[in-house]
Amino acid sequence: MLGIRKEFPGIIANDDITLQVREGEIHAILGENGAGKSTLMSILFGLYHADRGVIRIRGKEVSIKSPNDAFSLGIGMVHQHFQLVHNFTVAENIILGKEGGFVYDIHRASKRIKDISERYGLSIEPDMVIEDITVGMQQRVEILKMLYRDADILIFDEPTAVLTPQEISELMEIMRGLAAEGKSIILITHKLDEIKRVADRCTVIRRGRLVGVVDVQSTSASEMASMMVGRPVSFKVEKAPSNPGPAILRIEDLSVMSSRHVLGVKNFSLDVHAGEIVGIAGVDGNGQSELIEAITGLRHAESGRIFFKDADITSMPIRKRNELGLGHIPEDRQKRGLILGATLTDNMVIKEFYKEGFSHHGILDYPRIHDYAERIIEKFDVRSGEGAESLAGKLSGGNQQKAIIGREITGEPDLLIAVQPTRGLDVGAIEFIHTQLVKERDAGKAVLLVSFELDEIFNLADRIAVINAGRLIDVVRTDETDVDSVGLMMAGIKASGGER
Amino acid sequence: MNRIRPLEARKASPLLVSLSAVVLGIIAGCVFILLIGKNPFDGFEKILFGALSSRRRIGNTLGMSTQLILIGLSVSFAFKTGLFNIGASGQMLVGGIAGSILAYYLPMDMPRVIYIPVIVIAAAAAGGIWGFISGLLKAKFNVHEVVSTIMLNWIAYWMVYDFIPRFIIDPTISVKSKPIPLEHTLRAEWLREATGFSTLNYGFFIAIIMTVAVWFILKKTTLGFSLKAVGSNRFCAEYAGIKVSSSIMISMAIAGALSGLAGLTYYCGYSEIMEMGKMPNEGFDGIAVALLGNCSPAGSFFAAIFFGILKMGRGSLAATGIPTEIADTIIATVIYFTATNVLLSAFWNGRFQRSFEKKEEAVSYALKAAGDMRCASDLSRKEFDELAKKGRKLMKEVR
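Each value, and the rule that gives it
Once a new chain begins, its residue numbering starts again from 1 and follows that chain's sequence as written. Here every chain gets a letter starting at A, and every ligand a number starting at 1, in the order they are written. Given that the model is predicted, a residue must reach a pLDDT of at least 70 before its local features are reported, and side-chain atom pairs must reach 80 or more before they are shown or counted; all residues, however, enter totals for whole chains, interfaces and linings. Excluding hydrogens and water, the side-chain values take into account all heavy atoms of the structure. We count a stretch as a helix when DSSP gives it H or I for four or more residues in a row; a strand needs E for two or more, and each element gets its number in order from the N terminus. Atoms considered for the radius of gyration are the C-alpha atoms alone. The globule rule reads 2.2 Å times the number of residues to the power 0.38. We call two residues contacting when some pair of their heavy atoms lies within 4.5 Å. Values of accessible area rely on a 1.4 Å probe in the Shrake-Rupley scheme; residue burial ignores everything except the protein chains shown. Neither His nor the chain ends is counted toward charge; the positive residues are Lys and Arg and the negative residues Asp and Glu. In this description, the location of a charge corresponds to atom NZ of lysine, CZ of arginine, CG of aspartate or CD of glutamate. Between buried and exposed lies partly exposed: a residue is buried under 20% and exposed over 50% of the maximum accessible area for its type, with that area taken using a 1.4 Å probe on protein chains only. What counts as a ring pair is set by centres within 6.5 Å for rings of Phe, Tyr and Trp (its six-membered ring), and what kind of pair is set by the plane angle: stacked under 30 degrees, edge-to-face over 60, tilted for all other angles. Helix span, expected: 1.5 Å multiplied by one less than the number of residues in the helix. Working definition: the arc comes from the directions between the helix axis and the C-beta atoms, pointing outward to the latter. Between N or O atoms, a polar contact is any pair within 3.5 Å; within protein, one atom must be a potential hydrogen donor and the other a potential acceptor, and residues adjacent in sequence are included only when both atoms are from side chains. Segmentation of the chain into domains, including their bounds, is taken from an automatic or database domain assignment. At least two bridges found by DSSP between two strands are what make those strands a pair. Put simply, buried Ala, Val, Leu, Ile, Met, Phe, Trp, Tyr and Cys residues joined by side-chain atoms within 4.5 Å make one nonpolar core. Buried area: the sum, over both parts, of the accessible surface (1.4 Å probe) that disappears when the two are put together. When a carboxyl oxygen of Asp or Glu lies within 4 Å of a side-chain nitrogen of Lys or Arg, that pair is called a salt bridge. Residue type decides the class: Asp, Glu, Lys and Arg count as charged, Ala, Val, Leu, Ile, Met, Phe, Trp, Tyr, Cys and Pro as nonpolar, and the leftover types, Gly among them, as polar. The patch calculation keeps residues exceeding 30% relative accessible area without a salt bridge and links them within 9 Å when they carry like charges or within 5 Å when they are nonpolar (Val, Leu, Ile, Met, Phe, Trp, Tyr). Each axis is a line fitted through C-alpha atoms, and for a helix only the stretch in contact is used; angles between axes span 0 to 180 degrees, taken between their N-to-C directions. Buried and open spaces are told apart on a 1 Å grid over the protein atoms alone, a cavity being a set of points where a 1.4 Å probe fits but cannot get out and a pocket being an open set with protein on both sides within 12 Å along at least five of seven lines. Residues with an atom within 4 Å of a point are the lining residues. Grid points are joined across faces, edges and corners, and a volume is the space filled by probe spheres set on the points.

K.L.:
Just give me the short version of the overall build of chain A, but keep the residues and values in it.
P.N.:
If you tally the helices and strands in chain A, you get 17 helices and 22 strands. For chain A, the C-alpha radius of gyration of 24 Å lies close to 23 Å, the compact-globule estimate for 500 residues. Dimensions along the principal axes, computed over C-alpha positions, put chain A at roughly 70 × 55 × 50 Å. Here the analysis covers contacts within chain A between residues at least 6 apart in sequence; of these, 66% occur between residues at least 24 apart. Carbon and sulfur atoms make up 48% of the accessible area of chain A, which amounts to about 21900 Å² in all. One finds the centroid of the 60 positive side-chain charges in chain A at a distance of 2 Å from the centroid of its 73 negative side-chain charges.

Right, dumping it as structure tokens:
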């Protein structure tokens, strides 16, 4: 891809970017969110058209107008969110769209799938149904789908987001295997350690511009990070040892039903003390959402009890919990955290508008609300076009998150629940948010952190509670454990051996 | 400090979009009139003549608009809080029947200052209960309000069949109610005299008061705040501790009460009888009013008067040989264009964008000519506009 330029109204997403990938190479594209990685890949995959620039494959100039063109040129993409039909078998999913004729021969397809699977070490059973196999396996099905279509250039879009550390290692093995067979792999990520582990070369993009192409072996992670951000960054959050006080939150034998009418959380017990950060580690979908929703009151508990500052809040209305001092940075900031169609001002008082000080006898006191919102915006450096009067939906993801965190922290909670607080944010915003969470802890607040990024958990948490299939596997002190043993626990295997 | 927003082209406002829909509707009306070989100016003159040419006609137009304003408010209110109230007709009927029965049975010597508040409250309560039922069904059993309000429309419709013969039958014509004596309608002697015995009645003032009240509730109160929060994102509202189900019920009850009032002004003010087997069309016209008015209280008020003018003016069209259906066609076309507001705002945004780009070009030209190294996006709005003028002049001179 040479000199690619793509403009969207108001921004230049790609400005003269050149990306050259060699045969049999694993080439990483590193950049913050909004740097233009996805746009570039969407152009390669035929979803967007470049305003300028050419794409050459094996020296021949090509025009890619749609994903179908991309397929026929041997370009395949493993999306972040898998594109699989859940009640179809592996084989059916793979041949979907490639059935070939009116009557399709599933047996011949199965055989070919087995062949490919063996050749690349994917260990896939063609007859399994998608919903019965693990996420890691589903991803391998996606990979196989590309190989079945004879793809030579494979694009992986943030492939490790949903995997356990062990699954990540397996994926890396597969990627190396593919490259050794002569496939070219483009790995889109913002995780530096993955690039270090697997990639040969790395193209760094910042704000739509090419920063440089580096050889991964001879470049350190922090060098790449500062290329990506444009300034030196610290990975470690500075924090003193914790100084825990009394238990603020006590969860006793809690079971919660999930939306699929099975128990999402099973007999879960956990204490969170004042002045400590407890991290809940686990792969996405192992009951974290149900647990948090039960604590915050968005979902009712099936059995068990939840105590907050010695009050039984198990079936307390949400507003009462908030008034007791529960702050919640929700997992989905656009669905739960903000009203995108409302102004920042309104969003800043969404929990407290009815309280004396913001309203009087049911009439809102807008001047005071406005001042309050302005204070949060300034203190937490929320950047927006029209200040407090901007619509929340017009803010960037990072600024939306800062606004939510500002609101929750300004509400002075005794317990702050942060679910995936840095998901999809760039390094700068992550640094800021981590610092804020540690500050809250140091101010004697209890912090419960849920994250799917083990790095984040290890960086912030004083204790780590590992959840698998809705059960608490173990609670360990962060300074007494390591990534590998937590990783094993995330897969349901307790450190002392034996599966629970 | 907040970063200065990069300058961008302005965006089409809802008012501009609504006005464009009106203009396009009128143009379409002109085309239709031309197609049948008549003069469109005659047609529109006649419509305006019929609706506004005398005090009486103005009074009638406002009398006609009264119901539309209240229904428009009802639909807008529900819409702002995330609900679609297409049950305004049924809520009108129950409000109307409550008002009519009271008008019939309350003593004639009751002072007006007591009588009018009583029937107003009764009609609002009846409509409110009707709306509340839909809200309850939605909140507790997740029955979509579109389904329940339509069903309640028909329940109200058949209730009228039962209540008219039971309570207020006109012995001479058995399909309608006995006319309410003038003193028990919302009509007022002084209004009638001032407007040449038009249909204008106290209902119009109720509509004005309600327009202000709805605006106040939505803009200034904690109640409006929570209802709007539930309407725009119920997940966030729930997270923030707002009770979603009671909000839905309150919201539907208020919307129903507004329609109930519309029923009162219609059956006990604009007219003085109720007929069996008639579903009031106003309930559906009100949806169009709300759409054209962008679901704002003031917007609904003016949109209702616009529709009122077309509806009252259509009678005079016949004199020109233009079919009166043309007025309905214009209303329908306006509704159509309002419903395609996405296209209209895209059109305006495109135009604004193009003119902005031209300006940008002129600005860069002016900057270059002045040897200024700044980029167009670093300027403030004021500098930008000034430089655009300068640049344009320079470009002209060069040519």
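K.L.:
Help me get a handle on the overall build of chain B, residues and values and all.
P.N.:
Secondary structure assignment for chain B yields 16 helices and zero strands. Reported as C-alpha extents along the three principal axes, the dimensions of chain B are approximately 90 × 60 × 35 Å. Here chain B holds 399 residues, and 50% of them are scored as buried. Expressed as a percentage of contacts within chain B between residues at least 6 apart in sequence, the contacts between residues at least 24 apart total 77%.

K.L.:
Tell me about the packing of aromatic side chains, and please be specific about residues and values.
P.N.:
Residues and elements named next belong to chain B. On inspection of all chains with the given rule, the structure shows 25 aromatic pairs over all chains. Ring plane angle 10° and centroid distance 5.6 Å describe the contact between Y266 and Y270, whose orientation is recorded as stacked. Taken together, the positions of Y266 and Y270, both in helix α11 (residues 244-270) and four residues apart, correspond to about one turn of that helix. On the basis of relative accessible area, Y266 is assigned to the buried category, the value being 18%.

K.L.:
Outline helix α2 (residues 40-52) of chain B, supporting the account with residue identities and numerical values.
P.N.:
All names here are of chain B. Here α2 spans 18 Å end to end across 13 residues, near enough to the 18 Å set by a 1.5 Å rise per residue. Burial in α2 covers these residues: P40, G43, F44, I47, G50 and A51. Down the axis of α2, the buried set is contained in an arc of 125°. They therefore lie on one face. What points out from α2, more than 90 degrees from its buried face, is the exposed set F41 and E45. The backbone nitrogen of F41 lies 2.9 Å from a side-chain oxygen of the residue at the head of α2, namely N39.

K.L.:
How would you sum up the domain arrangement of chain B? Please name residues and give values.
P.N.:
Splitting chain B by domain gives domain 1 (14-339) and domain 2 (345-398). Domain 1 of chain B and domain 2 of chain B are separated by 48 Å when their C-alpha centres are compared.

K.L.:
Tell me about the pairing of strand β13 (residues 277-281) of chain A, and please be specific about residues and values.
P.N.:
Residue and element names in this part refer to chain A. Among the five residues that make up β13, five are buried, leaving the element largely enclosed by the rest of the structure. Alternating positions in β13 separate into two faces, I277, G279 and A281 on one and V278 and I280 on the other, with burial throughout. Note that β13 and strand β20 (residues 446-451) share five bridges and pair parallel. Note on β20: the bridge partner recorded for I280 is V450. When β13 meets strand β21 (residues 463-468), the two strands line up parallel, connected through four bridges. Considered in β21, the bridge of V278 is made with R463.

K.L.:
Explain the nonpolar core to me, and be specific about the residues and the numbers.
P.N.:
Among the nonpolar cores identified, the biggest contains 96 residues, and L292(B) and F307(B) are the most heavily contacted of them. Aside from chain neighbours lying at most four places away, what touches L292(B) is S18(B), A21(B), V22(B), A303(B), F306(B), F307(B), V334(B) and T338(B). L364(A), I377(A), A229(B) and I248(B) belong to the second largest nonpolar core, which has 66 residues in total.

K.L.:
Describe the interface of chain A and chain B, and please don't skip the residues or the numbers.
P.N.:
Facing the 32 residues of chain A at the interface are 20 residues of chain B. Counting the surface lost from both chain A and chain B, the interface buries some 2400 Å², and carbon and sulfur atoms represent 60% of this. Contact with chain B buries area across many residues of chain A, yet R336(A), I339(A) and F353(A) alone supply 22% of it, more than any other trio. Ionic pairing is found between E238(B) and R336(A), a salt bridge with its closest N-O pair at 2.8 Å. Between the two partners, chain A and chain B, sit 12 residue pairs in polar contact (both at pLDDT 80 or more). In terms of residues, the side of chain A that touches chain B owes the most to one element, helix α11 (residues 333-337) of chain A, which gives four residues. Among the residues making up the side of chain A that touches chain B, the classes are represented as 14 nonpolar, nine polar and nine charged.

K.L.:
How would you summarise helix α8 (residues 221-229) of chain A if you had to cite specific residues and measurements?
P.N.:
Looking at α8(A), one finds that the buried residues are M224(A), A225(A), M227(A), M228(A) and V229(A). Of the surrounding elements, those touching the buried residues of α8(A) are β3 (26-30), α7 (192-198), β9 (201-206), β10 (209-215) and α15 (427-442) of chain A.

K.L.:
Explain a positive patch on the surface residue by residue, including any values.
P.N.:
All names here are of chain B. There is a patch of like positive charges on the surface, built from R351, R354, K358, R392, K396 and R399. Secondary-structure elements contributing two or more residues to the positive patch are α15 (341-369) and α16 (381-398). Element by element, the count of residues in the positive patch is highest for α15, at three residues.

K.L.:
Now, about the sheet that holds strand β11 (residues 247-257) of chain A: what can you tell me, with residues and values included?
P.N.:
Residue and element names in this part refer to chain A. Reading across the sheet, the four strands line up as β12-β11-β14-β15 and stay open at both edges, with antiparallel pairing between neighbours. Strands with a single pairing partner mark the edges of an open sheet, and in this sheet they are β12 (263-273) and β15 (311-312). Note: strand β14 (residues 301-308) against β15, two bridges, orientation antiparallel. Residue pairing for β15: F307 is matched across the bridge by D312. Of the strands in this sheet, β11, β12 and β14 touch helix α9 (residues 288-296), which is tilted by about 120° from β11.

K.L.:
Could you give an account of the layout of surface pockets, naming the residues involved and the relevant values?
P.N.:
Estimated volume of the second largest pocket: approximately 970 Å³. In this structure, the second largest pocket is lined by 35 residues; those nearest its centre are G341(A), K80(B), K219(B), K228(B) and N294(B). Where the lining of the second largest pocket is concerned, the elements lending two or more residues are α12 (344-348) and α13 (366-379) of chain A together with α1 (14-35), α3 (55-80), α8 (203-220), α9 (222-232) and α15 of chain B. Examining the composition of the lining of the second largest pocket, we find that five residues originate from one element, α9(B), more than from any other. Residues that form the lining of the second largest pocket fall into these classes: 16 nonpolar, 13 polar and six charged.

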